[in-house]
Amino acid sequence: MENAYTKSVFEKLSASNAHETEFLQAVEAFLEAIEVVIDEDDTYQQHAILERMVEPERIITFQVPWVDDNNQIQINKGYRVQFNSANGPYKGGLRFHPTVTQSVLKFLAFEQIFKNSLTNLPIGGGKGGSDFDPKGRSDNEIMRFCHSFMLELTKYVGSDYDVPSGDIGVGQRELSYLYGTYKKLQGPHLGVFTGKPTNLYGSFGRTEATGYGLIYFLNEMLAVTNESLVGKKVIISGSGNVAYYAAKKVQELGGIVISMSDSNATVYNLAGIDLDAIKALKIDHSDRIVNYQIKDEVTKIEEKSVWDIDLEADIALPCATQNEINEDQAKRLIKNGVKFVAEGANMPTHSNGIKVFKEAAIYYAPGKASNAGGVAVSALEMSQNAQRLQWTTEDVDRQLQGIMKQIFVQCQQACEDYKLGFDYAAGADIASFKKVAKQMIQLGIY
Ligand SMILES: NC(=O)C1=CN([C@@H]2O[C@H](COP(=O)(O)OP(=O)(O)OC[C@H]3O[C@@H](n4cnc5c(N)ncnc54)[C@H](OP(=O)(O)O)[C@@H]3O)[C@@H](O)[C@H]2O)C=CC1
Ligand SMILES: O=C(O)CCC(=O)C(=O)O
């Protein structure tokens, strides 16, 4: 960092949040990207915009006690980070995973501020969750956990105030239990959660939206070089919601999905893997990739990360979790011919890995732009719930395509304005920073 203002904000933040490594990583990358804007205009410093932007408006932490199937009392930590509401009600998912900490949720909520702004829909930045591990838990245990979590969180959310949705470990089943508890306590305010099943008035197309949106964004990048997905070999990490629907759309548009993974193993085949088998294993049941049924001699399963396997490919789509690609793994991708990386997960590439992509001058789409389709359709779900209407899948998908295109255009425009080539990561940060900063200035200091 070179600008005195950004540098001093980051130094103070690092001193007061020394152990929050993921959060500091996200803020550092963001501040580096927007320095060109800070350099040209001291209004931001006069209004202390950066100091206010890096401090959450509110963090709620609470105890989640529940009883397991063996009648043992279990205690987990619950959180909601309400980071910034300049652009509207706090909006962002809930994550249930043993790796959840305040630092992880702060980085996710911070990124969400700018992602949500890029959608051009009125939603502020938030995120929440728990260190609860749903793996191996019975349906009744999940329901009891959700009930206890929501008894507390109910006090802090509302359809015009803070609207959670899903993320890792939280899908339609969990969202239904959470909404059921909220409804019992506060009444049937449909819009307090998004990502609900469609028969509970979730939006058609929300389940698919993050993965499909990722591919719509990727298509915009491919179009810059007059290319398309047809015949392209695509590495995908993860096999959850985002990964699976991204894979489906790649296949629909003529690409070849050569790998998918989970936290234990990777399945790969240069001629393409069987997405129906992935769906049966990982979407319909909480099974493991190691149990993928191999029906030919070329499919392989290895108990390691996909980023540690040498696979010749054109495109990489990290769709599992944060910091899954380090510097060496990024170098392996470049060596194996990858020319496009688009992030389905949030911050899946470590800063050193991003540096490798930039030096290799490949096309790189940052998660806060390329995975914004999910939250965008969540915002459409809020609109539908408020209007007491339910739009068709086709209508939602058409709007999603338009939103992803607009996000790409904003990134591209900022790159043009600041002569950044195709550094879409910087473009996304600059475009969204300017919008949120303007709103904060308009709203005054309070
Ligand atoms: N759902 C959404 O709408 C959105 C999600 N995202 C982001 O996308 C990513 C995936 O979320 P989502 O698909 O919803 O979550 P899911 O819970 O549906 O799937 C997560 C997938 O990632 C794998 N995974 C999790 N942790 C690790 C790890 N440490 N190493 C390797 N694999 C891992 C899981 O494997 P396993 O089965 O072994 O746990 C699983 O395959 C997250 O970063 C999330 O924040 C971003 C925007 C919207
Ligand atoms: O749909 C939402 O509200 C949240 C999506 C989300 O958590 C994300 O974009 O990372």
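Criteria and thresholds
- Residues numbered from 1 in each chain as written.
- Chains lettered and ligands numbered in written order.
- Predicted model: local features only at pLDDT ≥ 70, side-chain atom pairs only at ≥ 80, totals over all residues.
- Near = placed C-beta within 6 Å.
- Helix = DSSP H or I, 4+ residues; strand = E, 2+ residues; numbered from the N terminus.
- Nonpolar A, V, L, I, M, F, W, Y, C, P; charged D, E, K, R; others polar.
- Domains from an automatic or database assignment.
- Core = buried A, V, L, I, M, F, W, Y, C linked by C-beta atoms within 7 Å.
- Buried ≥ 20, exposed ≤ 12 C-beta atoms within 10 Å, placed from the backbone.
- Contact = placed C-beta atoms within 7 Å.
- Pairing = 2+ DSSP bridges.
- Axes fitted to C-alpha atoms, helices over the stretch in contact; angles between N-to-C directions.
- Parallel < 35°, antiparallel > 145°, perpendicular 65-115°, else oblique.
- Expected span 1.5 Å × (residues − 1).
- Right-handed = clockwise from strand over helix to strand, strands pointing away.

A. Focus on the site of ligand 1. Lining the immediate surroundings of ligand 1 are 23 residues, of which G240, D262, S263, A345 and G374 lie closest. In terms of residue count, the dominant contributor to the shell around ligand 1 is helix α9 (residues 241-252) (three residues). Counted by class, the shell around ligand 1 contains six nonpolar, 14 polar and three charged residues. Here the shell around ligand 1 spans two domains, since at least three of its residues come from each of domain 2 (58-188) and domain 3 (207-370).

B. Expanded view of the domain arrangement of the protein chain. Under the domain assignment, the protein chain is made up of domain 1 (4-53), domain 2 (58-188) and domain 3 (207-370). Its C-alpha centre places domain 1 at a distance of 32 Å from the equivalent point of domain 3.

C. Molecular detail of the nonpolar core. Membership of the largest hydrophobic core comes to 132 residues, with the highest contact counts inside it found for F217, V234, I236, A246, L317 and A376. Those residues in contact with F217, other than ones at most four positions away along the chain, are A342, A365, A369, S370, M404, I407 and F408.

D. Structural view of the sheet that holds strand β11 (residues 340-342). Pairing in this open sheet of seven strands is mixed, and the strands run β9-β8-β7-β6-β10-β11-β12 from one edge to the other. Because the sheet does not close on itself, it has two edges, and the strands there are β9 (300-302) and β12 (363-365). With strand direction ignored, the average angle separating the axes of adjacent strands in the sheet is 15 degrees. For strand β8 (residues 266-268) and β9, the ladder comprises three bridges, and the chain directions are antiparallel. Looking at β9, one finds that T266 is bridged to E302.

E. Summary view of the sheet that holds strand β2 (residues 73-84). Reading across from one edge, β1-β2-β4-β3-β5 is the order of the five strands in this open sheet, with mixed pairing throughout. The sheet terminates laterally at β1 (58-67) and β5 (162-165), the two strands that pair on one side only. Within this sheet the neighbouring strands show an average axis-to-axis angle of 20 degrees, counted without direction. Pairing of β1 with β2 involves ten bridges; the strand directions are antiparallel. Paired with R58 across the strands is Q82, a residue of β2. Taken strand by strand, helix α5 (residues 102-118) contacts β1, β2, β3 (90-96) and β4 (124-130), and its axis lies near 150 degrees from that of β4. Each of β1, β2 and β4 touches helix α6 (residues 139-153); the most contacted strand, β1, lies at about 145 degrees to it.

F. Here's a closer look at the site of ligand 2. Close to ligand 2 lie K91, G92, G93, K115, S165, D167, T194, G195, N346, G374, V375 and S378. Looking at the shell around ligand 2 residue by residue, the classes come out as one nonpolar, eight polar and three charged.

G. Up close: the environment of M150. With respect to the helices and strands, the residue M150 is situated in helix α6. Expressed as a C-alpha distance, the spacing of M150 and V64, which sit 86 residues apart in the sequence, is 9.0 Å. In contact with M150, not counting residues within four places along its chain, are L178, T181 and Y182.

H. Fine view of the packing of helix α2 (residues 21-40) against α5. The contact between α2 and α5 brings their axes to 6 Å, and the two run at 25 degrees. On the basis of the axis angle, α2 is roughly parallel to α5. Along the contact surface, α2 presents T21, E22, F23, Q25, A26 and V27, while α5 presents S103, V104, K106, F107, F110 and E111. Its residues assigned to classes, the contact of α2 with α5 comprises six nonpolar, three polar and three charged.

I. Structural view of helix α14 (residues 373-387). When the terminal C-alpha atoms of α14 are compared, their 21 Å separation across 15 residues agrees well with the 21 Å that a helix rising 1.5 Å per residue should span. Taking burial as the measure, the 15 residues of α14 include twelve buried ones, the bulk of the element. Here α14 has its buried residues at G373, G374, V375, A376, V377, S378, A379, L380, E381, M382, Q384 and N385. Here the buried face of α14 lies against β3, α5, β5, α8 (206-224) and α15 (393-417). R388 occupies a position one or two residues after α14 and carries a positive phi of about 60 degrees.

J. Structural context of the pairing of β4. Extensive coverage of β4 is indicated by the burial of seven of its seven residues. Neither face of β4 is left uncovered, since the one carrying G124, G126, G128 and S130 and the one carrying G125, K127 and G129 both have all their residues buried. With six bridges connecting them, β2 and β4 associate as antiparallel partners. In the strand pairing of β4, V81 is matched with K127. In terms of strand pairing, β3 meets β4 through five bridges, oriented parallel. Pairing of R95 across the sheet is with G129, part of β4. For the crossover that starts at β3, traverses α5 and ends in the parallel β4, the hand is right-handed.

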